[in-house]
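Summary of the model geometry
Chain residues, written in single-letter form:
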Amino acid sequence: MNDKPVVVSCELHWPFLNKPNDMSGKYQVDVSKLSSKAVEVLSSMGIAVRNKGDDRGNYVTVKSNNPIKPVFSATDEVDSSLIGNGSKANAAIKPYHWDFKGKQGTSASLSKLLITEVAVYDKGGDGVAIDMDDVI
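Described in the following lines is the structure provided in the data block.

Rules used in this analysis
Residues numbered from 1 in each chain as written. Predicted model: local features only at pLDDT ≥ 70, side-chain atom pairs only at ≥ 80, totals over all residues. Heavy atoms only, no water. Helix = DSSP H or I, 4+ residues; strand = E, 2+ residues; numbered from the N terminus. Buried < 20%, exposed > 50% of the residue type's maximum accessible area, 1.4 Å probe, protein only. Contact = heavy atoms within 4.5 Å. Areas by Shrake-Rupley, 256 points an atom, 1.4 Å probe, with all protein chains shown as cover. Core = buried A, V, L, I, M, F, W, Y, C linked by side-chain atoms within 4.5 Å. Salt bridge = Lys/Arg side-chain N within 4 Å of Asp/Glu carboxyl O.

Another aspect to go through is the overall build of the chain. Counting secondary structure elements, the chain contains 1 helix and 6 strands. Listing each helix as α and each strand as β along the chain from the N terminus yields β-β-α-β-β-β-β. Out of the 136 residues belonging to the chain, those deemed buried represent 35%. Counting contacts in the chain only where the partners sit at least 6 residues apart, residues at least 24 apart contribute 62% of the total. Here the chain has roughly 8500 Å² of accessible surface; of this, 49% comes from carbon and sulfur atoms.

Take a look at the structure:
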């Protein structure tokens, strides 16, 4: 099985990048709106791609015990609290093989998250897209 990361173009949903999710106790994000090619490659790695018929389309949930630090470039860090549903990104995903209490499986591991367009988190639920190339 190939353990090399694959980079997928995606949209982020339910980003808990700088604080743990109350339900899982982990930092996590749904990497969604995956292309059919991304679904094919991730599935071939043993990663289960889900689709619940909502606006996420095909997606995988990546979780971490540590904060997820997104970047705009190799050197710039982003304030994770600004990243909301609908933010666009390129995510480097690789399989993570686990064995816990007699059960085994493969989950998605996030190697790097490059934000390409931010939809600012808004407690009212409406994200506002920001094009980071329009800096003045």
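Judged by nonpolar contacts, the single largest core of 25 residues is most densely connected at Val31, Leu34 and Ile93. When residues of this core are traced back to their parent elements, those giving at least two are strand 1 (6-16), strand 2 (27-32), helix 1 (36-44), strand 3 (60-64), strand 4 (88-100) and strand 5 (103-120). Each residue touching Ile93, except ones within four places of it in the same chain, is listed here: Lys4, Pro5, Val6, Val8, Val31, Leu42, Met45, Ile47, Val60, Ala108, Ser109 and Leu110.

With that settled, consider the pattern of salt bridges. Tallied over the full model, the rule gives 4 salt bridges. Between Asp54 and Arg56 there is a salt bridge, with its nearest N and O atoms 2.6 Å apart. With relative accessibility at 34%, the residue Asp54 sits in the partly exposed group. In this structure Arg56 comes out as buried when scored by relative accessible area, which is 10%. Three or more residues joined by partner-sharing salt bridges are found here, namely Glu11, Lys33 and Lys88.

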